[in-house]
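Below, each chain spelled out in residue letters.
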Amino acid sequence: MINFSFLVLTLEEKSGGLFDFDGTLSVIAVQFLVLMLLLNIILYEPILKTLDQRKIYVSNKTSSAKNIITEVDFLVEYYSKVMLDAQTKTQLLLKKTDLQLINILEQKIFKLQNKSSESIITYNKNLNNKIKSLSKSQAAKDYSHLIAALIMFWVIPKNQKKSN
């Protein structure tokens, strides 16, 4: 085994107690300041620079996103008004064309009714004329039969009396 007893004897405790303010404190303070300066130059400045760039990038993107959102809201409102106007115009146009079509159909129906009533009237007149002509010819036939019967009754017996 190694004997550590000589190390303990060579180390002597200095007087001054728990806090001893000698030359090592100033060296440690200088080392601390140099390390802080080196860390600040090597590590903290690039990190802070990157964080600042990121903060600027995020703020730019959020502001551009807000601008886009306001523009989109404006466009949505504008196009909804345009769509509403277009819907009302199409409804009015549809109602107008419906009324025009109804008027045209009513006029055509009226014309067709007039033509059909005229054709019915002419058909009835023609039918009545045919019935009258048939009845006249029937009456003529009846008169001719009556005349023939009278002739037979009057003329033939007279001729038979003359020949006897």
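Since this is a predicted model, take the numbers as computed values, not measurements.

Thresholds applied
Residues numbered from 1 in each chain as written. Predicted model: local features only at pLDDT ≥ 70, side-chain atom pairs only at ≥ 80, totals over all residues. Heavy atoms only, no water. Helix = DSSP H or I, 4+ residues; strand = E, 2+ residues; numbered from the N terminus. Areas by Shrake-Rupley, 256 points an atom, 1.4 Å probe, with all protein chains shown as cover. pLDDT = per-residue confidence, 0-100. Contact = heavy atoms within 4.5 Å. Buried < 20%, exposed > 50% of the residue type's maximum accessible area, 1.4 Å probe, protein only. Polar contact = N/O pair within 3.5 Å; in protein donor to acceptor, adjacent residues only side chain to side chain. Salt bridge = Lys/Arg side-chain N within 4 Å of Asp/Glu carboxyl O.

(A) Focus on the overall build of the protein. Of the regular secondary structure elements, the protein holds two helices and zero strands. When the accessible surface of the protein is totalled, it reaches about 16,000 Å², and 68% of it is carbon and sulfur.

(B) Molecular detail of the confidence of the model for the protein. Per-residue confidence for the protein averages 81 on the pLDDT scale, and 76% of its residues sit at or above 70. Ignoring residues within four places in sequence, the model shows residues 6-11, a span with pLDDT below 50, making zero contacts including any to other chains.

(C) Focus on the environment of S119. With respect to the helices and strands, S119 occurs in helix 2 (residues 23-163). Of the residues examined, S119 reaches a relative accessible area of 38% and is grouped as partly exposed. Within the structure, S119 has its side chain in polar contact with the backbone oxygen of S116 (distance 2.8 Å).

(D) Representation of the pattern of salt bridges in the model. Under the counting rule described, the total for this entry stands at one salt bridge. Measuring nitrogen to oxygen at the nearest pair gives 3.6 Å for the salt bridge that ties K81 to E77. Here K81 pairs with E77, and both are found in helix 2, just four residues apart, close to one helical turn. We classify E77 as partly exposed; its relative accessible area is 44%.

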